[in-house]
Every structure is written in C-alpha cells, then in structure tokens.
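Residue strings, one per chain:
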Amino acid sequence: FTTVKRTYDFFDLFPSFNGSYNINKKELIRVAYGKSVNRQEFRELSPSVYYDFNLFSDVKGNPSLKQAVIHNVDLRYERYPSNSEYVTFALFYKHFINPIEWTYLDAGGSYTYTFENAKAANNWGIEADIKRSLDFAGLKNFSAGINAAYIFSKVTFDKERSLERDRAMQGQSPYIINTSLFYDNSKMGVSAAILYNRIGKR
C-alpha cells in the first residue's frame, strides 16, 4: 500500500447584495445577488475504488476535481395582505463554474463511475410562494399554502475531454410543487398540517 498526500487550499470571497424597494406598506420588490461554492466531498476526491451495489458498478474518485463556484441572482415581488398571509413571485438565475457531475469511464465491457468538472452550467426559472387564510370560505383557523417552481438547466461539457454531452443538470427537477393545509387553534393549543409535494423527473 502507498499513501498519497494532496493538499487543497482555498481562499474565497463571498460577496453578496440584497436591496429592496417598498411600493407601499404591503408590497415590495427585492433584488439579491450572492456568490457561493460547492466544495468536493472526500469520496469524490479519493482515488480509491469501491463497489456501489445500487449502480452494480465500481466508483472511483477524481483527485483533480475542482470546487464549483456559483453566482446567484434573484428578483422577487412580495405582497403581504395580512400578518399571516403572503404572495411572492420570483425570477432566479444561477451560473455554475466547474460544476461537479457524475460521469463514467469505459473499462472495456463495463463502466467505472467517477466525477468530473463540467465547463459551466446555467440554472434559471420562476417561483411562486403563496399562503392564504381560509376564513373567507368559512373555515376559521385554516390556511392553505403552495410553493411551486419551474426550472430550466443546462450543463456544458468539454467535448474533447469528456464522454458526456450537454444536458440538464443531474438531480435537477424541471418542476417542484409543495402544497399545505394548516389548522392552528391557539386557544386550544392545537396545531396540525397536511403536506403534499411532487417533483419532476430527474
């Protein structure tokens, strides 16, 4: 056995900006920017090979893997009809530099899965987040909520070095829907909720 030593040094600055403009007492527009990173996990860096029983294949890390840098931009409209109600609509955009993606190596009749840095990726979409009291329907202490987003994503690979081709990001659903029904009775000290969520094919 041999021991391989490798040092990963990072020096990152994470600038951010958050500004808002109040249209009136109940409505505002918010714009935000933030930089973040996705650092490599140990299993993604280790050159050792292990067998994955879900993939029925070997998995090997990539010691040359770089961390991913992400630029996030968000434009949001918010409205607060009451203290317990809100309506928000948002446009968001994320730009990834060196995103970390699964890939594979052709081992002559079998595949070994590993990790690589794609050149770049873009992720953008729209989101709605709404919570409304159901008092108007005669359902006192009840409220309903929905959070839904539709997302577009694309990863760009170096066609000279990678077996992968441009595609959607791994693990990224094209849509996400979360719904909820709440009951809250402060006098009785009773609170309950029913939640339902659905995600698109990943």
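Scoring rules and cut-offs
Residues numbered from 1 in each chain as written. Predicted model: local features only at pLDDT ≥ 70, side-chain atom pairs only at ≥ 80, totals over all residues. Heavy atoms only, no water. Helix = DSSP H or I, 4+ residues; strand = E, 2+ residues; numbered from the N terminus. Pairing = 2+ DSSP bridges. Axes fitted to C-alpha atoms, helices over the stretch in contact; angles between N-to-C directions. Core = buried A, V, L, I, M, F, W, Y, C linked by side-chain atoms within 4.5 Å. Buried < 20%, exposed > 50% of the residue type's maximum accessible area, 1.4 Å probe, protein only. Contact = heavy atoms within 4.5 Å. Salt bridge = Lys/Arg side-chain N within 4 Å of Asp/Glu carboxyl O. 1 Å grid on protein atoms, 1.4 Å probe; cavity = no way out; pocket = protein on both sides within 12 Å on 5 of 7 lines; lining within 4 Å. Points joined across faces, edges and corners; volume = space filled by probe spheres on them.

Novice: Can you tell me about unusual backbone geometry, naming the residues and giving the values?
Specialist: Even without being glycine, Asn-98 reaches a positive phi, approximately 60°. One can find Asn-98 in the loop between strand S6 (85-97) and strand S7 (100-106). Although it is not a glycine, Asn-141 adopts a positive phi angle of roughly 70°. The residue Asn-141 is located in the loop between strand S9 (120-133) and strand S10 (142-156) in this model.

Novice: Describe in detail the sheet that holds S7, supporting the description with residues and values.
Specialist: Ordered in space as S3-S4-S8-S7, the four strands form an open sheet in which the pairing is mixed. Unpaired on one side and paired on the other, strand S3 (49-52) and S7 mark the two borders of the sheet. Neighbouring strand axes in the sheet, compared pairwise and without regard to direction, differ in orientation by 35° on average. Direction of pairing for strand S4 (residues 57-60) relative to strand S8 (residues 111-117): parallel, over a ladder of two bridges. Pairing of Val-59 across the sheet is with Tyr-113, part of S8.

Novice: Give a description of the pairing of S6 that names residues and reports values.
Specialist: Side-chain positions along a regular strand alternate between the two faces of the sheet. Taken together, the twelve bridges between strand S5 (residues 68-82) and S6 define a ladder with antiparallel strand orientation. When the bridges of S6 are listed, Ser-82 appears paired with Glu-85. Between the antiparallel neighbours S5 and S6 lie two residues. Where S6 and S9 come together, twelve bridges link them in antiparallel fashion. Bridge pairing in S9 links Leu-91 to Ile-126.

Novice: Go over the nonpolar core, please, and point to the residues and values.
Specialist: In terms of nonpolar packing, the biggest core is built from seven residues, these being Ile-70, Phe-96, Ala-118, Ala-121, Val-155, Phe-157 and Met-169. Dropping the residues within four chain positions of it, Ile-70 is found in contact with Gly-34, Lys-35, Ser-36, Val-37, Asn-38, Lys-94, His-95 and Phe-96. In terms of nonpolar packing, the next biggest core, distinct from the first, is built from five residues, Leu-45, Leu-65, Ile-100 and Phe-115 among them.

Novice: Explain the pattern of salt bridges to me, and be specific about the residues and the numbers.
Specialist: Evaluation of the coordinates by the stated rule reveals ten salt bridges. Residues Asp-74 and Arg-76 are paired through a salt bridge, measuring 3.4 Å at the closest nitrogen-oxygen approach. Residues Glu-85 and Arg-132 are paired through a salt bridge, measuring 3.2 Å at the closest nitrogen-oxygen approach. Of this pair, Glu-85 sits in strand S6 while Arg-132 is found in strand S9, placing the two residues 47 residues apart along the sequence. A relative accessible area of 44% places Arg-132 in the partly exposed class. Taken together, the salt bridges that share partners define one network made up of Asp-74, Arg-76 and Glu-127.

Novice: Please set out the layout of surface pockets residue by residue, giving values where relevant.
Specialist: The volume enclosed by the largest pocket comes to roughly 320 Å³. Along the wall of the largest pocket there are 16 residues; nearest its centre are Asn-62, Phe-115, Glu-116, Asn-117 and Arg-161. Of all the elements in the fold, those that place two or more residues in the lining of the largest pocket are S7 and S8. Counting residues per element, the lining of the largest pocket draws most heavily on S8, at four residues. The calculated volume of the second largest pocket comes to roughly 240 Å³. In terms of lining, the second largest pocket is formed by Thr-2, Val-4, Lys-5, Arg-6, Tyr-8, Phe-42, Leu-45, Ser-46, Pro-47 and Pro-63.

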